[in-house]
Amino acid sequence: RQLYRQLLRWAAERGLPRPAFQTAYEYLGQLQEKLPAHHETLQHVTRQYVNSRYGHVTPSVQEMEQLKRSWHLLKHQHLRQ
């Protein structure tokens, strides 16, 4: 969940805040529209957040490492674009 909150802050700082009324998947669509090069990473982070938050599924150590790598790539690739 912490990683998703980082994504929300990062996106808001770039002019893409998530309105309170919007679901995580609705927001995902908005992000993917604005950041199409990061479609898969955004989908992965959102899916893991929803599973953790609403499905009460704790990601495995491997899933957490993959999420961290995905998040790192998104931030750094976006800076280069």
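Each remark here, short or long, concerns the structure printed above.
A short tour of the structure in this document, coming up.

1. A closer look at the pattern of salt bridges
Right, so step 1: Counted under the stated rule, the structure contains 2 salt bridges.
Right, so step 2: The partner of lysine 68 in a salt bridge is glutamate 65, and the shortest N-O contact between them spans 3.9 Å. Here lysine 68 and its partner glutamate 65 are both found in helix H4 (residues 61–80), 3 residues apart, which amounts to about one turn of the helix.
Right, so step 3: Assessed through its relative accessible area of 44%, lysine 68 is described here as partly exposed.
Right, so step 4: Owing to a relative accessible area of 37%, glutamate 65 belongs among the partly exposed residues under this scheme.

2. Remarks on the packing of aromatic side chains
Right, so step 1: This model, assessed by the stated rule, comprises 3 aromatic pairs.
Right, so step 2: A ring pair is formed by tyrosine 4 and tyrosine 49, whose centres lie 4.0 Å apart and whose planes are at 10 degrees; its orientation type is stacked. In this pair, tyrosine 4 is assigned in helix H1 (residues 2–13) and tyrosine 49 in helix H3 (residues 39–54), connecting sequence segments 45 residues apart. Here tyrosine 4 and tyrosine 49 have matching classes, each one buried.
Right, so step 3: Considering the side-chain rings of tyrosine 49 and tyrosine 54, the 6.4 Å spacing of their centres and the 85 degrees angle between planes classify their relative orientation as edge-to-face.
Right, so step 4: The structure contains a cluster of three or more aromatic residues connected by ring pairs, namely Tyr4, Tyr49 and Tyr54.

Rules behind the numbers
- Residues numbered from 1 in each chain as written.
- Predicted model: local features only at pLDDT ≥ 70, side-chain atom pairs only at ≥ 80, totals over all residues.
- Heavy atoms only, no water.
- Salt bridge = Lys/Arg side-chain N within 4 Å of Asp/Glu carboxyl O.
- Helix = DSSP H or I, 4+ residues; strand = E, 2+ residues; numbered from the N terminus.
- Buried < 20%, exposed > 50% of the residue type's maximum accessible area, 1.4 Å probe, protein only.
- Phe/Tyr/Trp six-rings, centres within 6.5 Å; stacked < 30°, edge-to-face > 60°.

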